[in-house]
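Per-entry structural report
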Amino acid sequence: NAGVTQTPKFRILKIGQSMTLQCTQDMNHNYMYWYRQDPGMGLKLIYYSVGAGITDKGEVPNGYNVSRSTTEDFPLRLELAAPSQTSVYFCASRGQGQGYTFGSGTRLTVV
Amino acid sequence: QKEVEQNSGPLSVPEGAIASLNCTYSDRGSQSFFWYRQYSGKSPELIMFIYSNGDKEDGRFTAQLNKASQYVSLLIRDSQPSDSATYLCAVMGGSQGNLIFGKGTKLSVKP
């Protein structure tokens, strides 16, 4: 099992550009999450999904969008990138009653 | 707003000592508690979870939960330099079971 796979690992964007962070899991987990982690600020929930076709906002959703067309995939879309979106992004999934399994992260810099 | 509080550290202990990491949470209805370890530049990895009051031991790690005091702790016995990392406390809350993370405590084990 690959677990949770995130791509890309690193990306530099210019202000105003858009991109999609990819996240795929092969554990048949219903629950998937996107977090961002800023230095000294902990993990903040951006969006989550409880199953295919169902998504909901977390604590910091502004500037982001998600979709969940399949159980396996949960991409995060950044529209009109801003310097405030410079962060490390983690995708995670979990099965019922379990803790999260995290992907390896995407380090994004917006310049 | 549900909160999870941790001392940011750094907590420095000598090799072979017991490291004690503490966490408090605000939501009295929380049922599940998790400890993650995060090495610098890496993603969080689950090391312990606990649901019931009392202690839970796994190798050198012991998680302690006191729901009346809304307090969770992690003890690391015989600390090793390889235990040097940031330890994240997480509490499962809300109807969807999302994890709320503390900001983490940085542990440094000195040889």
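Reference entry: report on the structure contained in this document. (Residues numbered from 1 in each chain as written. Chains lettered and ligands numbered in written order. Predicted model: local features only at pLDDT ≥ 70, side-chain atom pairs only at ≥ 80, totals over all residues. Heavy atoms only, no water.)

Residues and elements named next belong to chain B. Spatially, five strands are ordered S1-S3-S8-S7-S6 in an open sheet, and the strand pairing comes out antiparallel. Each having just a single partner strand, strand S1 (4-6) and strand S6 (54-58) make up the two edges of the open sheet. On average, each strand axis in the sheet is inclined to that of its neighbour by 20°, with strand direction left out of account. (Pairing = 2+ DSSP bridges. Helix = DSSP H or I, 4+ residues; strand = E, 2+ residues; numbered from the N terminus. Axes fitted to C-alpha atoms, helices over the stretch in contact; angles between N-to-C directions.)

Moving on to the pattern of salt bridges. Between side chains of opposite charge, pairing is possible as soon as their charged atoms come close. All names here are of chain A. Using the criterion set out here, one finds six salt bridges over all chains in the structure. With its nearest N and O atoms 3.2 Å apart, the salt bridge here joins Asp38 to Arg36. The salt bridge partner of Glu59 is Lys44, with a shortest N-O separation of 3.5 Å. Taken together, the residues Glu59 in the loop between strand S6 (54-57) and strand S7 (64-66) and Lys44 in strand S5 (residues 42-51) connect sequence positions 15 residues apart. Classification of Lys44 as partly exposed rests on a relative accessible area of 25%. (Salt bridge = Lys/Arg side-chain N within 4 Å of Asp/Glu carboxyl O. Buried < 20%, exposed > 50% of the residue type's maximum accessible area, 1.4 Å probe, protein only.)

Here the focus is the sheet that holds strand S3 (residues 19-25) of chain A. All names here are of chain A. Overall, antiparallel pairing links the four strands, which are arranged S1-S3-S8-S7 in an open sheet. Looking at strand neighbours, the two that pair on one side only are strand S1 (4-7) and S7, the edges of this open sheet. Strand after strand, the sheet turns through a mean of 20° between neighbouring axes, direction not considered. Inspection of the sheet shows S7 paired to strand S8 (residues 76-78) by three bridges, in the antiparallel sense. Across the sheet, residue Val66 finds its bridge partner in S8, namely Leu76.

This structure, assessed with the given rule, holds 16 aromatic pairs over all chains. Geometrically, the ring pair formed by Tyr33 of chain A and Tyr35 of chain A is tilted, given 6.4 Å between the ring centres and 40° between the ring planes. We classify Tyr33 of chain A as buried; its relative accessible area is 0%. Since its relative accessible area comes to 1%, Tyr35 of chain A is described here as buried. Ring centres of Tyr33 of chain A and Tyr100 of chain A lie 4.2 Å apart, and the angle between their planes is 20°; on these two criteria the pair is classed as stacked. Here the residue Tyr33 of chain A occupies a position in strand S4 (residues 31-38), and Tyr100 of chain A occupies one in the loop between strand S9 (87-94) and strand S10 (101-102), the gap between them amounting to 67 residues. Members of the aromatic cluster, connected to one another through ring pairs, are Tyr33, Tyr35, Tyr48, Phe90, Tyr100 and Phe102 of chain A together with Tyr36 and Phe101 of chain B. The cationic tip of Arg68 of chain A hangs over the ring face of Phe74 of chain A; the distance from NZ or CZ to the ring centre is 5.9 Å. Over the ring of Phe49 of chain B we find Lys56 of chain B; its NZ or CZ atom is 3.5 Å from the centre of that ring. (Phe/Tyr/Trp six-rings, centres within 6.5 Å; stacked < 30°, edge-to-face > 60°. Lys NZ or Arg CZ within 6 Å of the ring centre and 35° of its normal.)

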